[in-house]
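Structural features, examined
Each chain, written out:
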Amino acid sequence: KAYLNRGNIQLKFENYELAIDDFSKVIDLNPTVASAHYNRGVCYQKLKQMPEAIEDYTAALDAKPGYGPAHRARGKAFLSAENYEEAISDFSASLRKKPIDVSILYYRGFAKLKIEDLSGANTDFARAIEIDPTHQNALKNKAITSFQLGKFEEATNDYGKLISIDTGNPELWVNRGIAFLKSEQYENALDDFSQAIKLMSDFAEAYFNRANAYSQLDEDDKACKDMRKSAKHGYQPAYGHINGLCN
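Read on for a plain summary of the structure. (Residues numbered from 1 in each chain as written. Predicted model: local features only at pLDDT ≥ 70, side-chain atom pairs only at ≥ 80, totals over all residues. Heavy atoms only, no water.)

1. A few points about the pattern of salt bridges
Under the counting rule described, the total for this entry stands at twelve salt bridges. Residues Asp192 and Arg176 are paired through a salt bridge, measuring 2.7 Å at the closest nitrogen-oxygen approach. Separated by 16 residues along the polypeptide, Asp192 in helix 12 (residues 186-199) and Arg176 in helix 11 (residues 170-182) bring together distant segments of the chain. Taken as a pair, Asp192 and Arg176 share a single burial class, namely buried. Where salt bridges share partners, they join Arg108, Lys112 and Asp124 into one cluster. (Salt bridge = Lys/Arg side-chain N within 4 Å of Asp/Glu carboxyl O. Helix = DSSP H or I, 4+ residues; strand = E, 2+ residues; numbered from the N terminus. Buried < 20%, exposed > 50% of the residue type's maximum accessible area, 1.4 Å probe, protein only.)

Below you can see the structure in the form of structure tokens.
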């Protein structure tokens, strides 16, 4: 017990290698102490030694099946190691014990996004936002997956929530504007692209997309002017559209 207590103190003060030594002594004396394996796994994870961390978390679960913190931590280690299927499995086990864990819902959604399960990722991000409406990473990825799934109205709503948190971010205005374009709400799109340009006067992508919105509204002179500005600011896709809009 003395080694375990000292290891916990070393871990608290971020002396990870010293903590590993103490937890290893505990494990040598009694390999079934789940907390020693778990805490040593935490140390290995802090040191970016993911295989060792995963091995210890697994040992903790073997010693104490259903040990919730180990599922959570091992899932994050699997995520860091880009083993997304295993990460999803551990996050799901963790969520069965604590369904309202916002960070684990987000991490599981992110892992699903990595394996291109867009619908599953979108659902997890949405659930995370229900619990914490200000979770910016969940909002951002919910907006992205909504857009990719063709749910453009949802995407505009998601970007709207992000804009309310970070009003001065021109990329958010452009992204919502593009979602408005996709849903054929051209006036709203124009407003968003114009706001992005107010925030960043040389934002080439904003000029490009505003040109497309003007074109949809048959305002060809404005469309041509914006497309030229986009090209002037170095946005490569604009070059191929100038002749079509300006002749």
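Moving on from the model shown.
2. Focus on the packing of helix 13 (residues 204-216) against helix 14 (residues 220-232)
Orientation of helix 13 relative to helix 14, taken along the N-to-C sense of each, is 160 degrees, at an axis distance of 8 Å. It follows from the interaxial angle that helix 13 and helix 14 lie roughly antiparallel. As helix 13 runs across helix 14, the sense of the crossing is left-handed. Along the contact surface, helix 13 presents Ala204, Tyr207, Phe208, Arg210, Ala211, Asn212, Tyr214 and Ser215, while helix 14 presents Asp220, Lys222, Ala223, Asp226, Met227, Lys229 and Ser230. For the contact of helix 13 with helix 14, a count of residues per class yields seven nonpolar, three polar and five charged. (Axes fitted to C-alpha atoms, helices over the stretch in contact; angles between N-to-C directions. Parallel < 35°, antiparallel > 145°, perpendicular 65-115°, else oblique. Left-handed = near helix turned anticlockwise from the far one by under 90°. Contact = heavy atoms within 4.5 Å. Nonpolar A, V, L, I, M, F, W, Y, C, P; charged D, E, K, R; others polar.)

3. A few points about helix 5 (residues 68-80)
Between its first and last C-alpha atoms helix 5 spans 19 Å; for 13 residues at 1.5 Å apiece the expected length is 18 Å, and the two agree. Turning to helix 5, its buried residues are Gly68, Ala70, His71, Ala73, Arg74, Gly75, Ala77, Phe78 and Leu79. For helix 5, the secondary structure elements touched by its buried residues are helix 3 (34-46), helix 4 (50-63), helix 6 (84-97) and helix 7 (102-114). Within two residues after helix 5, Glu82 carries a phi angle of roughly 65 degrees, on the positive side. (Expected span 1.5 Å × (residues − 1).)

4. Regarding helix 8 (residues 118-131)
The end-to-end C-alpha distance of helix 8 is 20 Å, a good match for the 20 Å that 14 residues give at a rise of 1.5 Å each. If you check which residues of helix 8 are buried, you get Gly120, Ala121, Asn122, Asp124, Phe125, Ala128 and Ile129. Buried residues in helix 8 make contact with helix 7, helix 9 (136-148) and helix 10 (152-165).

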